[in-house]
Every structure is written in structure tokens, then in C-alpha cells.
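Here are the chains, one letter per residue:
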Amino acid sequence: MPDKRDVTIFPSQAALSEHAADLFVRAARESVAARGRFSIALTGGSSPHKTYELLAQAPRSGQIDWANVFVFLGDERFVPDDDDRSNYGMCRRLLLEHVPLKDEQVFPIPTNAATPEVAAGEYAQTLARVFSQTAGGPPPAFDLVLLGMGDDGHCASLFPGMPSLHVQDRWVVSSPPGTLPPPVDRVTCTFPVLNAARQVVFLVNGEKKATAVRDIFEDGAALEQHPAAGVSPTSGNLTWLLDETAAGLLTK
Ligand code: 6PG
């Protein structure tokens, strides 16, 4: 993988979250100034909780032109929105319901669809419509994609060894659960979408992630083993924000 990642190591998760929230504010301002809108794909999991809380509060909540923000999810667990495991539900509770966003600016993955496959197809159509592109053609470019990384190196719902890792002709696919909880079906954006973004930012904290971080950064781990290794934006920027414990096995 070309070494174009920008890596910052923070003394604590709190410091990492402050930085991530500032980065979000900056990306929103620059995107609105340059293109009139800011499209963001949020991540699920627990890593972004503090960042979302910071964005929901003053002063940062007042530093974003929410009227021009369009919110998507990079992946979803196939559960109802009000289920505790829903990524959208978490984003809504911690961030979205606290800021002035209209329903038509927020695009959850439709987990009320009949199956995860149907939800994936519908979400691809939603992306095509909102970005004025043809589904299956060149993927839309999110201004910012936030990602977490599982202990096993997965990102979004792209799990080690799964066929979804090699999908090039679809923007959104379904996936069976990975080996980490929760054990529910998923819907996930694919690498072509993640790698089309203008900026991708990983938020990674905790000792349990240290082995995968080392494997990816220093041992050239393949995406089959640690899918996060497959995130390499075609022309966008890649940033990894690590806390000291996640970076604990790095030697360089
Ligand atoms: C999900 C995700 C997933 C997550 C990582 C990290 O639905 O779980 O979007 O890719 O970001 O598993 O999860 P934590 O932040 O909880 O460690």
C-alpha cells in the first residue's frame, strides 16, 4: 500500500476525540466553501461516541453550517433504528437529534427493507439520487468518511475473508455477521465508495486494536486479513487517529 497515510497518536481517547471533532468542523467548513455542501458518512461502533457528543455541543455545534450538511452511514447492523445495536440510532442519540438537521438531510440505511440485500440496493439508489450519479458507475465522493476499526482489523462491515472485500461493481452490499459482536447481518459501503472519498479518517483507540494496527502499518497486512488495510483513497486523504494504547505495538 502506498505510504500516504497521515498518522497522529494521542495521549488519550479524549484528546483523540477533540481532534476528530475539530477535523469534522474544518472539513465541513472547507467543503461548504468549496462545493456548497458537506457530505459525511458516519461510522458506528463505540469509537466515535465522544466525537459525536462534542459535535452536538457548543462551541462546535455552532461552527457548522448544518443547513448544507448531508449525513449518510458507512455501514449498518440490520436491526430496527430504535434497537440499541443500530448505528444510525446511536448517531441520532449522540449527534443528529441535537443539531438543526432536517429529515431530508439524513440518509439512514433502510433496515426496514425486506432483506439486507434489498436494503443495500435501495441505499445504492439513494446515493445515486443524492449525488446525481448512476448506480454502479463511478462511485460518489463523500467529503468525509469516518471509520472505526474492529480488533480483527475490519472496517465498516467489511469483515476478514468475506466476498464483500472484493466487490468492485456495487457501492453497497449486504454481509453476514463477522466474528465480533453483535451477531447480526450487515449492510455496508464497499471499498470503491470508501476509496472515492475526499478524506477518510479512522478513529482507533484501545489496546485490543494494537495488533491489527501494527500488522497494517508495519507488516503490510493484506486486506483479506485486516480489511482496514484496503482503505486507500484514490485521490483523497487518509488519516489515522490513534490513541497511545492502539499505537502501543508500533516500533517506528
Ligand atoms: C459497526 C462498525 C464497525 C466498527 C468497528 C469498531 O457497525 O460495528 O461500523 O466497523 O466501527 O467494529 O467498533 P468499536 O468502535 O466499537 O471498537
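To be clear, the structure that these remarks concern was listed above.
A brief look at the structure comes next.

**Quick look at the packing of helix H1 (residues 13–35) against helix H2 (residues 49–56)**
The N-to-C vectors of H1 and H2 enclose an angle of 55°; their axes lie 8 Å apart at closest approach. When the axes of H1 and H2 are compared, the pair comes out oblique. For the crossing formed where H1 meets H2, the hand is right-handed. Across the interface between the two elements, Ser17, Glu18, Ala20, Ala21, Phe24 and Val25 of H1 pack against Lys50, Thr51, Leu54 and Leu55 of H2. Per-class residue counts for the contact of H1 with H2 are 6 nonpolar, 2 polar and 2 charged.

**Some thoughts on the pattern of salt bridges**
Throughout the structure, instances matching the rule amount to 8 salt bridges. Note that Asp143 and Arg198 form a salt bridge whose closest N and O atoms lie 2.9 Å from each other. Of this pair, Asp143 sits in the loop between helix H4 (116–130) and strand S6 (144–147) while Arg198 sits in the loop between helix H5 (191–194) and strand S9 (199–204), placing them 55 residues apart in sequence. In this structure Arg198 comes out as partly exposed when scored by relative accessible area, which is 36%.

**Points about the sheet that holds strand S7 (residues 172–175)**
In spatial order, the strands read S4-S8-S7; together these 3 strands make up an open sheet with antiparallel pairing. Here the strands that pair on one side only, and so sit at the sheet edges, are strand S4 (75–77) and S7. This sheet shows a mean twist of 15° between the axes of neighbouring strands, independent of strand direction. Bridge analysis of S4 against strand S8 (residues 186–189) gives 3 bridges, and the strand direction is antiparallel. From the neighbouring strand, Asp75 faces S8, where its bridge partner is Thr188. Strands S7 and S8 of the sheet are contacted by H4, whose axis makes an angle of about 165° with S7.

**Focus on the pairing of strand S10 (residues 237–243)**
For S10, a buried count of 6 out of 7 residues is recorded, marking the element as mostly surrounded by other parts of the structure. Alignment of strand S1 (residues 5–10) against S10, held across 6 bridges, turns out to be parallel. For Thr8, the partnering residue across the bridge sits in S10 and is Leu241. Of the pairings in the sheet, the one linking S9 to S10 comprises 6 bridges and is parallel in character. Across the sheet, the residue bridging to Gln199 is Asn237, located in S10. Between the parallel elements S9 and S10, the chain passes through helix H6 (residues 210–218) in a crossover that is right-handed.

Thresholds, definitions, all that
- Residues numbered from 1 in each chain as written.
- Predicted model: local features only at pLDDT ≥ 70, side-chain atom pairs only at ≥ 80, totals over all residues.
- Heavy atoms only, no water.
- Axes fitted to C-alpha atoms, helices over the stretch in contact; angles between N-to-C directions.
- Helix = DSSP H or I, 4+ residues; strand = E, 2+ residues; numbered from the N terminus.
- Parallel < 35°, antiparallel > 145°, perpendicular 65-115°, else oblique.
- Left-handed = near helix turned anticlockwise from the far one by under 90°.
- Contact = heavy atoms within 4.5 Å.
- Nonpolar A, V, L, I, M, F, W, Y, C, P; charged D, E, K, R; others polar.
- Salt bridge = Lys/Arg side-chain N within 4 Å of Asp/Glu carboxyl O.
- Buried < 20%, exposed > 50% of the residue type's maximum accessible area, 1.4 Å probe, protein only.
- Pairing = 2+ DSSP bridges.
- Right-handed = clockwise from strand over helix to strand, strands pointing away.

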